[in-house]
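Descriptive analysis of the structure
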Amino acid sequence: MGKYRELAEKIVANVGGKENINSLTHCITRLRFKLKDESKANDDVLKNMDGVVTIMHSAGQYQVVIGNHVGQVYEDVVDMTGLGGESSAPEEASGNIFNRLIDVISGIFQPFLGALSAGGMIKGLNALLVAAGVLTAESGTYIVLNAIGDAIFMFLPIAVAVAAAKKFGVNQYVGLVIGGALCYPAIQLSTLTAGGDVQPLYTLFSGSMFESPVYMTFMGLPFVANDYTSSVIPSILIVWMASKLQRPLRKIIPEVIQNFFVPFFLLLIALPIGFLVIGPVITILTNMLATGFDGLLKFSPILFGLIVGFFWQVLVMFGLHWSLIPIAILQLGTMGYSTALTGMFGASFAQTAAVAAMYFRLKNPKEKALVVPAVISGICGVTEPAIYGLSLPKKKPFIFSMVGGAISGAFMTAMGVRSYVMGGLGVFGIPSYINQQTGDSSGAIYSVIAIVIASVIGFALTFFFWKDEEAVEVEEGQKAMEVRKEIVTAPVTGTMMPLSTAKDQAFAQGVLGKGVVIHPTVGEVVAPFDGTVMTMFPTKHAIGLVSDNGLELLIHIGLDTVQLDGKYFESHVEQGAKVKRGDKLVTFDIQAIEAAGYSVETPVIITNSADYLDIIESDKQENVCNDDELLTVLV
């Protein structure tokens, strides 16, 4: 949920509703609507709305001037309406790489968080029914419920790729194909090695930690297979790559056939590169981590548990948690128990508790509504809704949950807890620590203590050391709305025209700054704001003012009137004088000046235009009086 959602809703309602919008783009300060019927828009309501500077009718567009947070308002409008202009480029995330990655991931998950939470709750309900003896894992009811709950997680690359395509400006059906290809059974490592007796064609880097078996090739190149189901990062990377290829392809391919051949080449280039690069990279990283974790486990089980508990959620996000699975399988096969995965047990509970604590700190009611389903699925071991919907976007709660996972992981390994089966998640994983042969349940008791440790730490750190900074920013932004713009009223009564119509080319081309031209009907100049007379030319034909907020304005009465040497002009203030809006500055004789052969055309120029975000001219194309708004300047 964006922080300007309420403003976006009001804007959409007052431009005539979603059904009145043909398209929408935005520039640096303005939402640019193309409306079916502009008469349905409520100009007066929009102009006086908090968060809207003004509205303009220009170039066939209905422009709502917002200011420097226009990109965020645009995102909320698009999220509400499903609209978006083809000319609007995806907004680049700011900050360091870590923050940018988090922002991208959380933004991608936002559209399908509801479905993700629902899936997690159904999985938890199904596990609960089995634990209570109501269902068995072989029953048809269990299988159907499991399919419903597990579908979004098994085919997560598809949902991620579709949402990433929308975020990166790629056709969403191209994203769907990318995600579908990642889930295609024939390229999954588990499918290629099914049966256990399939031998690789050859092995890359054999005997080293980079060892990568190759079961098939693509155009003679080694295809290092991987299991991409339930993964996140591979989908995002391949769609991002496609977005970078899209622009040059559109330049090369004739417009008449772009609808077919741009997707054709995007898929034909991005997916093979993704498979040939991402697969090997993940395999190499997984093998490296497996070697490192194995050595760390032998060196210090407590340190191993601490590190695994801390990084477990990050490893899952990148699909690198598979580095621990072979160790666990090997231990179970040779010793009948495993310690490789006990360190990660508390991570999901720390995450769930951190999100529960967020409930008491979140200001946005719609974000708070996500907490309950996220906590329910988190207790059952499904933390994706909690991570991607709540803690990861806010950053600190996610880190606090990592701390809770680390301490509980160190406790589990320090107590020598062993798992005897690779089984359930969340609370349903507790029985995995019971030795069925001896009846020893001490491991299960320790696992419950680990749950308490992880939950207390995750909850306490979040509750006491995190506040909803985004809500604070919104409140501060709302308080500051009145001071982020400056109004310049008309200093001269007359007819306002665009600056480009000025007869003097220096003014017309904006060399001296942005502004307008007024053709005076009354020979009087008044102060257009509160400020100081910075310059009063000796010839009195030009006045330089600076507002109390630092806006510098030049009022140049007539063209070449400097040659009159002050004749027909009278000044009423001195240089350095403080003035209030409406104070008389200069009077001049229009008829006498024109009779002398000079134009009284008066450019009104903001000479420090480059210091401002945007300068909006009044859309009034007739007489302006001293009380009329002439220019709106966005700071």
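What you are looking at is a predicted structure, and each value in this text was computed from that prediction instead of being measured.

Look at M219: it is not a glycine, yet its phi comes out positive at around 55°. Note on placement: M219 falls in the loop between β7 (216-218) and β8 (221-223). For D560, which is not a glycine, the phi torsion comes out positive at approximately 65°. Looking at the secondary structure, you find D560 in the loop between β15 (552-556) and β16 (569-571).

Okay, the sheet that holds β16 next. Read across the open sheet, the three strands follow the order β12-β18-β16; overall the sheet is antiparallel. Of all strands in the sheet, those with a lone pairing partner are β12 (524-526) and β16, marking the two edges. For this sheet, the mean angle separating the axes of adjacent strands, direction not counted, is 15°. As judged from the three bridges shared by β16 and strand β18 (residues 584-588), these two strands associate in the antiparallel manner.

When the terminal C-alpha atoms of helix α18 (residues 442-465) are compared, their 34 Å separation across 24 residues agrees well with the 34 Å that a helix rising 1.5 Å per residue should span. Listed as buried for α18 are G443, A444, S447, A450, I451, A454, G458 and T462. Where α18 is buried, its residues touch α14 (347-358) and α17 (396-414).

Moving on, we get to the confidence of the model for the protein. Counting all residues, the mean pLDDT for the protein is 85, and 91% of those residues have values of 70 or more. Residue range residues 472-483 is modelled with pLDDT below 50. Its contacts to residues more than four positions away, or to other chains, number four contacts.

Taken domain by domain, the protein consists of domain 1 (4-81), domain 2 (97-299), domain 3 (301-470) and domain 4 (485-634). Look at where the C-alpha atoms of domain 2 and domain 4 centre, and you get two points 62 Å apart.

Sheet architecture is open: three strands sit in the order β9-β22-β20, paired in antiparallel fashion. With one partner strand each, in any of the chains shown, β9 (485-489) and β20 (614-617) form the two edges of the open sheet. Averaged over neighbouring strand pairs, the angle between their axes works out to 20° when direction is ignored. In this structure, β9 lies alongside strand β22 (residues 629-634), joined through five bridges in antiparallel fashion. Each bridged residue has a counterpart across the sheet, and for T489 the counterpart in β22 is E629.

Cut-offs used in this document
- Residues numbered from 1 in each chain as written.
- Predicted model: local features only at pLDDT ≥ 70, side-chain atom pairs only at ≥ 80, totals over all residues.
- Heavy atoms only, no water.
- Helix = DSSP H or I, 4+ residues; strand = E, 2+ residues; numbered from the N terminus.
- Pairing = 2+ DSSP bridges.
- Axes fitted to C-alpha atoms, helices over the stretch in contact; angles between N-to-C directions.
- Expected span 1.5 Å × (residues − 1).
- Buried < 20%, exposed > 50% of the residue type's maximum accessible area, 1.4 Å probe, protein only.
- Contact = heavy atoms within 4.5 Å.
- pLDDT = per-residue confidence, 0-100.
- Domains from an automatic or database assignment.

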